[in-house]
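Residues per chain, in single letters:
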Amino acid sequence: MNILEVKINKFKYKNSKEIILKNLSLSVEPGELIVITGLSGCGKTTLTRILNGLIPNHYEGDLDGEVKLFDKNLLDYEKGELAKYIGNVFQNPSDQFFATIAEEEVAFVGENLGMPLEELKQKTKEAFEKMGISNLMDKKLSELSGGQKQKVAIASTLLYDTKIIFFDEPSSNLDYQGIAQFRDIVRTLKEMGKAIIIAEHRLFFLNDLYDRLIYMKDGTIERVFSQGELTENDCKKYGLRAIRYESLKAQNSDEEQEKVAEIVDLSIDIRKQELIKNLSFDLHYGEIMAIIGENGIGKTTLGRTLAGLIKNKGKISYGKTTKERLKQSYYMMQDVDYQIFFDTVENELIPKNKVKDNEYLKEVTNYIHAIDLWDKKMDHPQELSGGQKQRLALATAFLSERKIIILDEPTSGLDYKRMKEIGAMIRRYAAKRPVVIITHDLELLFEVCNTVLMLDDKTYKKIAVKGNEGKISDFLFAPIR
C-alpha cells in the first residue's frame, strides 16, 4: 500500500492569480527515497508543502486536487494528528524549534498530542539514541552546530512511528563532514522503512541513494529518473548541480591587483575560547577569496570580525575599531531574512538618500533584471522564495558601495543556473572591490574564486585556486574519507 497518493490539477496561493502547480501526479511507497529538484521557482517547495499538510494548515491557497495519506484525504485528519505520521525538517532547523533545550524540543510533539509522561520520556530517550546524539539531550539548542540542530530535528520526527519524513535543502548549511553524516542518517532511515522526500539542489551526496529523482519545471513533473539513471550530461541539459565533483576545475584566473586591505596577527576569542590566532593575509582589487573549513572552525566568526561585528586583537587596515569596519564593509548573513526590512523588493534596494539619484536608479534597474526579480519588484520580500531572497540580499550588498564585501554562504539553496548567475555578478563586482566568500559550495568556489583561505585547527593557509583544485578538494573532503 502506498503511503501517499497525489493528484494535483492546479494550485495557486490565496490572493494570487499565478498557477504554481499543474497536471501533477505522484505516489510514494514505504522505504522509498525521492529527491525533488529543479530550478528555483519550479514549484518544488509548494509541492512539499501540499504533501506534508503545511498547505492549507499554514499557507492558504486554492487546490484543485487531492492528497491521500494511507488512502485518507489529508484534510480529513484531525488538527495536529499528521505529526504522528509525517515528519518535517526545515532548511534552517532553528525555524521549527519551540523549546530551548534539545530534550524538550524532541518531547514537544508527544507532549502536545497528550502522550503519557512515562512513555514520552522513554520515546524521547530512544529518539536520541537512534540518532546517536544522547550526549545532546541536556544541551541548549542555541549552542549546537547546524549539523547537531538538524539531528535534533530528525530525532523529533522519530517520537512516533513516523512513516514519511520531508527535508527541505538539508545540505545547505552543512560542511562536507556534516553532509556525509546526513547521508548515513538517510541510509539508516531508509533501512528503518521510512519514506523520505528531499527537496534539494546539491545532488552529489544523494546520487547512490535515491530511488527516484524528480525534475520539476514550470509547476509540473518534467522527468523522473530512476536510481543511477541521471548522468552528468543530464545535469548540464537541465541546469542541475553536479553529481560528481572530480571533474570540477577553477574558472577564474584573474590576477590580483592593488592591495586594498592588510590583516596582520588577527586573534579572536569567543566566550574565552580562542577560535583564531595570529592570522595574517592581504586582500586586493579583483580578488574573490573563499574561506573554507569544517563547521565550528571559525569561518563565520572571522567574517563577522572583518565586518566589524566582533572585537579582535591584531590589525585590520581598513578599520582600527569595529565602528570603522562597519562603515567600510558589508556583511551578508547566512540567514538573509534578518537583513530584509522593507515592504517591496524595489524599496529594499533604494535607500531614501538615493530616491532622486538617476544614475543609482539605473543601476538598481540593471540589478533587478540581473537577479530576475523585475516581475516581483513591487512584491513584499518576505513572499519571495529562499533563492529569490538570497539574490535580493546579494544585490543589496553589491549596491552598498562598501570597501570590502563579505558573503556568508551566498549560494545556499540555489540551483546551478542561479549559482552561475550569482557567480557572474560577484566576478563583475570584484573588479571594484575585494569579495570574501564563506562557503561549503565547491562548485561556487571553482566557478568564481581566485584565492582560498583554508582554516584548520589553528593553522591557516592561503593559496591560489587555479592549479590547486586537488589540494582544495582534499582539504574539504578529508574529514569524510
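Rules used in this analysis
- Residues numbered from 1 in each chain as written.
- Predicted model: local features only at pLDDT ≥ 70, side-chain atom pairs only at ≥ 80, totals over all residues.
- Heavy atoms only, no water.
- UniProt positions renumbered as here; feature names shortened; annotations may be inferred.
- Helix = DSSP H or I, 4+ residues; strand = E, 2+ residues; numbered from the N terminus.
- Expected span 1.5 Å × (residues − 1).
- Buried < 20%, exposed > 50% of the residue type's maximum accessible area, 1.4 Å probe, protein only.
- Arc of directions from axis to C-beta.
- Contact = heavy atoms within 4.5 Å.
- Salt bridge = Lys/Arg side-chain N within 4 Å of Asp/Glu carboxyl O.
- Core = buried A, V, L, I, M, F, W, Y, C linked by side-chain atoms within 4.5 Å.
- Pairing = 2+ DSSP bridges.
- Patch = residues over 30% accessible without salt bridge, like charges linked within 9 Å, V, L, I, M, F, W, Y side chains within 5 Å.
- Areas by Shrake-Rupley, 256 points an atom, 1.4 Å probe, with all protein chains shown as cover.
- Lys, Arg positive; Asp, Glu negative; His and termini not counted.
- Charge placed at Lys NZ, Arg CZ, Asp CG, Glu CD.
- Domains from an automatic or database assignment.
- Buried area = accessible area lost by both parts, 1.4 Å probe.
- Polar contact = N/O pair within 3.5 Å; in protein donor to acceptor, adjacent residues only side chain to side chain.
- Nonpolar A, V, L, I, M, F, W, Y, C, P; charged D, E, K, R; others polar.

You'll find the chain entered in an unreviewed UniProt entry as ABC transporter domain-containing protein, with Oribacterium parvum ACB1 given as the organism. Taken from UniProt, the Subcellular location (unreviewed entry) comment for the chain reads in full: "Cell membrane". What the UniProt record of the chain gives under Sequence similarities (unreviewed entry) is the line "Belongs to the ABC transporter superfamily."

**Q** Looking at this model, I keep getting lost on helix α11 (residues 358-370). Mind explaining?
**A** Given 3.6 residues per turn, any residue in an α-helix points the same way as the ones three and four places further on. In this model, α11 (13 residues) spans 18 Å end to end at C-alpha, consistent with the 18 Å of a helix rising 1.5 Å per residue. Among the residues making up α11, those that are buried are Y360, V364, Y367 and I368. Here the buried residues of α11 occupy an arc of 100 degrees about the axis, which is enough to place them on one side. Exposed residues pointing more than 90 degrees away from the buried face of α11 are listed as N358, E359, K362 and N366. Contacts from the buried residues of α11 go to α10 (345-349), α12 (386-398) and α13 (416-430). Trailing α11 by a residue or two, D372 shows a phi angle of about 60 degrees, which is positive.

**Q** I would appreciate a short explanation of the pattern of salt bridges in the present structure.
**A** Note that side chains of opposite charge can pair when their charged atoms are close. In total, this model carries 28 salt bridges according to the counting rule given. Between D234 and R223 there is a salt bridge, with the nearest N and O atoms lying 3.9 Å from each other. In this pair, D234 is assigned in helix α7 (residues 232-238) and R223 in strand β10 (residues 220-226), connecting sequence segments eleven residues apart. Here E262 makes a salt bridge to K259, at a shortest N to O gap of 3.7 Å. It is possible to trace a salt-bridge network through shared partners that takes in K259, E262, D282 and K315.

**Q** Would you mind going over the nonpolar core with me for this structure?
**A** Soluble globular proteins: nonpolar side chains tend toward being buried together. Counting 100 residues, the largest nonpolar core has L407 and I472 as its most contacted members. Not counting residues up to four positions away in its chain, the partners in contact with L407 are M332, L394, A397, F398, I426, V435, V436, I437 and I438. Core analysis: the next-biggest nonpolar cluster, separate from the first, contains 30 residues, L24, L74, I86 and I214 among them.

**Q** Teacher, can you tell me more about the pairing of strand β9 (residues 212-217) here?
**A** Every other side chain in a regular strand lies on the same face of the sheet, so the side chains alternate between the two faces. Taking burial as the measure, the six residues of β9 include five buried ones, the bulk of the element. In this structure, strand β3 (residues 33-37) lies alongside β9, joined through four bridges in parallel fashion. Bridge pairing links I34 to R212 in β9.

**Q** Help me understand a negative patch on the surface in this model?
**A** Judged by side-chain charge, E103, E104, E111 and D138 come together as a negatively charged surface patch. Tracing the sequence through the fold places E103 in helix α3 (residues 102-112).

**Q** Any chance you could explain the pairing of strand β19 (residues 460-464) here in plain terms?
**A** Summarising the sheet, strand β18 (residues 451-455) and β19 pair through five bridges and their orientation is antiparallel. Along β19, the bridge assignment pairs T451 with A464. Hairpin connection from β18 to β19: four residues lie between these consecutive antiparallel strands, with K458 at a positive phi of about 65 degrees.

**Q** Before we go on, may I ask you to explain helix α4 (residues 117-130) in this structure?
**A** The terminal C-alpha atoms of α4 lie 20 Å apart, and with 14 residues this matches the ideal 20 Å at 1.5 Å per residue to within 8%. Along α4, the residues that are buried comprise L120, T124, A127 and F128. Viewed end-on, α4 has its buried residues packed into an arc of 95 degrees, placing them on one side of the element. On the buried face of α4, the contacting elements are α3 and α5 (146-157). Just beyond α4, the residue with positive phi is G132, at close to 70 degrees.

**Q** Hey, could you run me through the domain arrangement of the chain in this one?
**A** In many analyses, interface size is given as the accessible surface area lost on bringing the parts together. As assigned here, the chain comprises domain 1 (4-238) and domain 2 (259-477). Taking only C-alpha atoms into account, the centre of domain 1 sits 30 Å from that of domain 2. Facing the 16 residues of domain 1 at the interface are 19 residues of domain 2. On the domain 1 side of the contact with domain 2, S40, D175 and Y176 bury the most area, a combined 40% of that side's loss. Taken together, domain 1 and domain 2 are joined by zero salt bridges. Inspection of the domain 1/domain 2 interface yields four residue pairs in polar contact (both at pLDDT 80 or more). Here the residues of the side of domain 1 that touches domain 2 are counted per class, giving four nonpolar, eight polar and four charged.

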